[in-house]
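Single-letter residue listing:
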Amino acid sequence: MAKSAHKNQLAPGISRLSRSKVFSKRAAYKIVKDGKAKVAETEKPKKAEAPVSERSDLVKALTAESNSVYPVSTIPKSKAGRKAIRAPKLRQSITPGTVLILLAGRFRGKRVVFLKQLKSGLLLITGPFKINGVPLRRVNQAYVVATSTKVDISGVKIDAKVSDEYFKGEKEAKPKGDEEEFFGKDAKKKEHPAHKIADQKVVDKEIVAAVAKVPFLASYLASSFSLSKGQAPHTLKF
Amino acid sequence: MKSGSFQRLVEVGRVVLINSGSDAGKIATIVEIVDHRRAIVDGPTTNVKRQVVPLNNVVLTDIVVKSLPRAIGSKRLAVFLEKNQVVEAWQKSAWAKKIDARQRRANLSDFDRFKLMRLKKQQRNIVDRQVALLKKERA
């Protein structure tokens, strides 16, 4: 044997070779990280080949560099992930027209009408705005209680343009105003985009008509949900 | 004549309300007594299979089917029950009505609870108005 077999570790946790020795032994300088291979590599074999005739096989074997015999490790390959990114499944109790109770956010406690599930998995809801002030909005299923009350919105057509993109805020220029601009007498209130107001009216018109048909439903949607003394959510039927 | 401290006795023909198990909430009739702890109970008109039931799992009601032969079969028991109108008597009782009201209240949906609140308010309004008028008259 050309090289005697050495134990990898002198003692538990203490390796025989130092960090720099391991680096050169592994030829880690050849390991390509960004896809840029070192050009200097090509020069090396030429030097070793020069006095070929004088070297015996034994000497060659003893002085052979490990990287000429064994393949050098390539770019480390990351493991293929098995998680698929898809929209969460819609709860069976939530169907178009279901009255939902919002549990968190600006409109917590409000009872709203569910319209449809968007591609991102979020639920598209509306108050309707005239009834309880909740506009067309996206809401996460997890922050919602589905009641068994359904509004008949089979005749309502929701424009395809109302999607996740519709709700993404427009990038505004950084506000560089001073106090007076914000709080002064002439402070401009950010106006709600007119096309959104129009879209709201279109969607709500038929829903409000459907709600009006059921006695007490309009005032039900106008009111907020709360727990009173003795009520526990796990015992209540919604 | 009913005497002594026990008004409801474990006897053949006694109608019982089953409290625990899969038949909980249903009534059945004692058809045979096994020992001081168990009885054979049968409810052909109330979907209770003929079975041995520990008397701890059961509550005696006021209803008795008089002169019921011991160990009567299910088919003939159904005839007896219909003749004595046992199920109707049970459903008319205040006890059964209270159970029913409790269940209805527990099964109210959120919208139902809202409607209930509104109707109670309306009722209160009408009653309180009249009471106020009467008070005014008396004053």
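Residues numbered from 1 in each chain as written. Chains lettered and ligands numbered in written order. Predicted model: local features only at pLDDT ≥ 70, side-chain atom pairs only at ≥ 80, totals over all residues. Heavy atoms only, no water.

A few words on the interface of chain B and chain A. If you look at the interface, chain B gives twelve residues, while chain A gives 17 residues. Around 1,100 Å² of area is buried between chain B and chain A when both sides are counted, 60% of it from carbon and sulfur atoms. If you look at where chain B meets chain A, you find one salt bridge. Across the salt bridge formed by Arg111(A) and Asp110(B), the nearest N and O atoms sit 2.9 Å from each other. At the boundary of chain B with chain A, the tally comes to five residue pairs in polar contact (both at pLDDT 80 or more). Along the lines of polarity and charge, the residues of the side of chain B that touches chain A split into five nonpolar, three polar and four charged. (Contact = heavy atoms within 4.5 Å. Buried area = accessible area lost by both parts, 1.4 Å probe. Salt bridge = Lys/Arg side-chain N within 4 Å of Asp/Glu carboxyl O. Polar contact = N/O pair within 3.5 Å; in protein donor to acceptor, adjacent residues only side chain to side chain. Nonpolar A, V, L, I, M, F, W, Y, C, P; charged D, E, K, R; others polar.)

Looking now at the nonpolar core. It is characteristic of soluble globular proteins that their nonpolar side chains tend to be buried jointly. Core analysis: the biggest nonpolar cluster contains 21 residues, and Leu115(A), Leu124(A), Val151(A), Phe167(A) and Ile207(A) have the highest contact counts within it. Broken down by secondary-structure element, the contributors of at least two residues to this core are β4 (111–117), α6 (164–167), α8 (194–213) and α9 (217–222) of chain A together with α4 (110–138) of chain B. Once you skip the residues sitting within four places of it in the chain, Val151(A) turns out to touch Pro96(A), Gly97(A), Val99(A), Val113(A), Ala210(A), Val211(A) and Leu217(A). In terms of nonpolar packing, the next biggest core, distinct from the first, is built from 14 residues, Val15(B), Leu68(B), Phe80(B) and Ala96(B) among them. (Core = buried A, V, L, I, M, F, W, Y, C linked by side-chain atoms within 4.5 Å. Buried < 20%, exposed > 50% of the residue type's maximum accessible area, 1.4 Å probe, protein only. Helix = DSSP H or I, 4+ residues; strand = E, 2+ residues; numbered from the N terminus.)

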